[in-house]
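Here are the chains, one letter per residue:
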Amino acid sequence: MNFQWYPGHMAKAKRMMQEDIKLIDVVIELVDARIPYSSKNPDIDVLAKNKSRVILLNKCDMSDQRYNTAWKEYFEAKGYFVALVNSKSGSGVKQVQDIVNKACEAKIERDRRKGILNRPVRAMIVGIPNVGKSTFINSFVGKASTKTGNKPGVTKGKQWIRLSKFTELLDTPGILWPKFEDQSVGLRLALIGSINDNIIDTTNLSLELIMILKKHYPEVLTNRYGIEKVEVEDNLKGASKVLEKIALKRSCLLKGGEPDMDRAANMIIDDFRSIKLGNITLEFPSDMKDKAEVSKSNKKEIKVNTENVKTDIIEVEEKTEDVKTVEA
Ligand code: G4P
């Protein structure tokens, strides 16, 4: 199985973002704390070159606290200003203003030296679909803010939200598309529910999850599903044996008493998404070195005209010769 994302509006969104980014000082990028690597689009690093950068690890209420801290440190070491946020409850949102201020200190100082005083810092929220941009903006902005409307020198039609005397936020977030540089990125995005399930093989999805759980959260499989520790290989075949055991244990059976793998797969995915498996992170900073190497070797990009292609994710066959990967 292989995924490709064919985004019809991607080129347009990218152009808009390029225009918007010229107007702003700081990019606030939301990633999903369960998959900070796969939910981050590397294009933003080029688009936001020379801007102050903030990363918010959103949905940190769903991910593993231990790795939240590890990921925060990972991004900080790369020069980002980072916060852990639960936009839904509002937890961690208040500190974002301080972080934005810190991220902009150098810029404010540069302005001051040029004699520009009290010019508000302009910020923009970006992130892939479903990462929580709207929820965050609602929580961050609250009721106290006012829309500033069009201003001289600012592109007509842009709405800015005054957050404080010193900060303004562009009211429309920038949408980034995830990059499917390797298959596991697609699978992980699907696991967190960022990609429509109907087009994805649920069993494969659950096997990816089982492989991660087996390696990083083995007790979850034994505690939740009551299966005894299974000594199987660390591959799809091994994961498939685990899924079979779960199906049997949970009486997910077909008519003849055979394990119903699809039903068991759906159950385990639902359990993950509804946090019944506990707080689980699917990616780890310690894997990032390998990841960079894999991505490099897997990268086969053919440019296509993105204006006329469907906005959808389609499943394509294993054979890679004909696969067109869209580069944003
Ligand atoms: P987007 O603008 O980036 O596309 O994302 P949006 O804010 O619409 O959020 C997508 C889903 O993620 C929403 O759930 C939202 O409630 C949820 N969400 C956002 N931030 C957080 C968070 O920090 N923690 C948790 N647990 N969930 C978060 P939904 O099911 O689509 O809508 P709803 O039923 O919650 O209203």
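The rules behind these values
- Residues numbered from 1 in each chain as written.
- Predicted model: local features only at pLDDT ≥ 70, side-chain atom pairs only at ≥ 80, totals over all residues.
- Near = placed C-beta within 6 Å.
- Helix = DSSP H or I, 4+ residues; strand = E, 2+ residues; numbered from the N terminus.
- Nonpolar A, V, L, I, M, F, W, Y, C, P; charged D, E, K, R; others polar.
- Core = buried A, V, L, I, M, F, W, Y, C linked by C-beta atoms within 7 Å.
- Buried ≥ 20, exposed ≤ 12 C-beta atoms within 10 Å, placed from the backbone.
- Contact = placed C-beta atoms within 7 Å.
- Pairing = 2+ DSSP bridges.

As for the site of the ligand
Near the ligand lie 15 residues; those nearest to it are S87, G132, K133, S134 and T135. When residues in the shell around the ligand are grouped by element, the largest group, 3 residues, is from helix α5 (residues 133–141). By residue class, the composition of the shell around the ligand is 3 nonpolar, 8 polar and 4 charged.

What to know about the nonpolar core
A general trend in soluble globular proteins is that nonpolar side chains are found buried together. Counting residues in hydrophobic clusters, the biggest one holds 41 residues, and the most contacted among them are V26, I28, L56, L57, V85 and V100. When near neighbours in sequence (up to four residues on either side) are disregarded, I28 contacts V54, L56, V100, A123, M124 and I125. Of all hydrophobic cores here, the second largest spans 32 residues; its members include F180, L189, L213 and V242.

Comments concerning the pairing of strand β8 (residues 167–170)
Residue alternation in β8 divides its side chains into two sets, T167 and L169 and E168 and L170, and both sets are buried. Across 3 bridges, strand β5 (residues 121–127) lies against β8 in parallel orientation. When the bridges of β8 are listed, V121 appears paired with T167. Where strand β7 (residues 160–164) and β8 come together, 4 bridges link them in antiparallel fashion. Residue pairing in the sheet places R162 in a bridge with E168 of β8. Counting the residues between successive antiparallel strands, the hairpin from β7 to β8 contains 2 residues.

Distances and angles like these do not, on their own, reveal function.
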